[in-house]
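Here is how the chains run, residue by residue.
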Amino acid sequence: MPVTVAVVRETAANERRVALVPDVAKKLKSLGATVLMQAGAGDPTHLPDASFPDVEKVADARSVLGRGDVVFKVAPPTLEEIAAMREGAVYIGYLQAHTAPERTKALRDRKITAFAMELLPRTTRAQAMDILSSQAGMAGYKAVLIAAAASPKFFPMLTTAAGTVRPSKVLIIGAGVAGLQAIATARRLGAQVEGFDVRPEVKEQIESLGAKFLDLGVSAAGSGGYARELTPEERAEQQRRLGEHIKNVDVIVTTAAVPGRPAPKIITKSMVEGMKAGSVLVDLAAESGGNCELTQPGKTIEVGAVTVIGPVNLPSHGAIHASEMYAKNLFNFASLMIKDGTLHLDWDDELIAKTCLTHAGEIKHEATKKLVEGSPA
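Computed from a predicted model, the values in this text were never measured in an experiment. (Residues numbered from 1 in each chain as written. Predicted model: local features only at pLDDT ≥ 70, side-chain atom pairs only at ≥ 80, totals over all residues. Heavy atoms only, no water.)

1. Examining the overall build of the protein
What counts here: Numbering of helices and strands runs from the N terminus; a helix is a DSSP stretch of H or I covering at least four residues, while a strand is a stretch of E covering at least two. The atom set for the radius of gyration is the C-alpha atoms, and the globule formula is 2.2 Å times the number of residues raised to the power 0.38. Throughout, exposure labels follow a simple rule: accessible area from a 1.4 Å probe, protein chains only, divided by the maximum for the residue type, with under 20% read as buried, over 50% as exposed, and the rest as partly exposed.
Counting its regular elements, the protein contains twelve helices and 19 strands. Taking 2.2 N^0.38 as the reference for a compact globule, 377 residues should give roughly 21 Å; the C-alpha atoms of the protein span a radius of gyration of 22 Å, in line with that estimate. With respect to the principal axes defined by its C-alpha atoms, the protein has extents near 70 × 50 × 35 Å. Looking at the protein as a whole, 50% of its 377 residues are labelled buried.

What follows is the structure, encoded as structure tokens:
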């Protein structure tokens, strides 16, 4: 029988995305797969059941999961969802194993072959499967729109009958995918934009978008396209120089992240207190601890006359396009293993091998294995 790809409605709070869109459903069928979907799964994304004409719909999520040979999801599965999956099934999606050892144990014990897409090697060949990049692009875009809406100033320079309005000064901290998208968006809105990153090699990318590279004289170039963690001395010097600079900035958007670890603290309480009255800070790293030590995930707070915003799950705010990109990422990965309607796992393919978290009752990712084996049973 052909492999069945199953998709259920997301149950995580405020999650509007879905792991399947109509175009990807057609592509899966072209690979010889059967597609099964929970009825109403696309409703939060404004994709009604009628937009999936060739997909079988089933009302009950447990039935969908129990029939799936391959499961696509956005948010990591709950323990109940894992228990409902067919033993030996393949899971493809987010897993965030470092945050929930019990989830990894459940996947292992259920003998699920689980692919954590955040572990995907960041190579040229993997770009079309990179969920971190596709979703970060939406997050960076939305973060700047939130900042613009919260700011009591115009972003662009305006010439009016009442005189000239000078453009807002916007600083984007972190020049990964989210940061670069934030820079591009702030520039489109007409702001005077600076980009800061401890990796000096991104200077050219920042400047290519029309922004100025803020050089604070502290470098933390790392491997795999990420920054390494700063030493205490480097962090202190960076913060001193940054604290002086942001006294004249109107808007800050922070996007710095270290994979598998809490977000680096870059903006201190005293630095926020030193910002101009009416300034806005949007912390894109709120969910992983925040780049600002005052950030409260999911909340907007006032610190004196400065607004600090900690948005969560920003890709979900652009659910239609975020879902389209995410579903295509998963399809491109699944196409490595679905051939003529059947599953073929090529463990010599580094994308398959290095993205695998659990398989055949074992934890395959070494860092996660150490974490889980060292945690209470």
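2. Quick look at the nonpolar core
The line we're drawing: To form a nonpolar core, buried Ala, Val, Leu, Ile, Met, Phe, Trp, Tyr and Cys residues must be joined to one another through side-chain atoms within 4.5 Å.
In this structure, L20, F72, I92 and F333 are the most contacted members of the largest nonpolar core, which totals 41 residues. Going through the elements one at a time, β1 (4-7), α1 (22-30), β2 (34-38), β4 (70-72), β5 (90-93), α10 (319-334) and α11 (350-355) are the ones with two or more residues in this core. In terms of residues, this core owes the most to one element, α10, which gives six residues. Residues A143, A182, I183 and I309 belong to the second largest nonpolar core, which totals 27 residues.

3. Section: the sheet that holds strand β11 (residues 212-213)
Inclusion rule: The pairing criterion for strands is at least two bridges between them, as found by DSSP.
Read across the open sheet, the seven strands follow the order β11-β10-β9-β12-β13-β15-β14; overall the sheet is mixed. Looking at which strands have only one partner, the edges of the open sheet turn out to be β11 and β14 (300-303). Sheet topology places strand β9 (residues 169-173) next to strand β10 (residues 192-196); five bridges connect them, and they run parallel. Following the sheet pairing, L171 is matched in β10 by E194.

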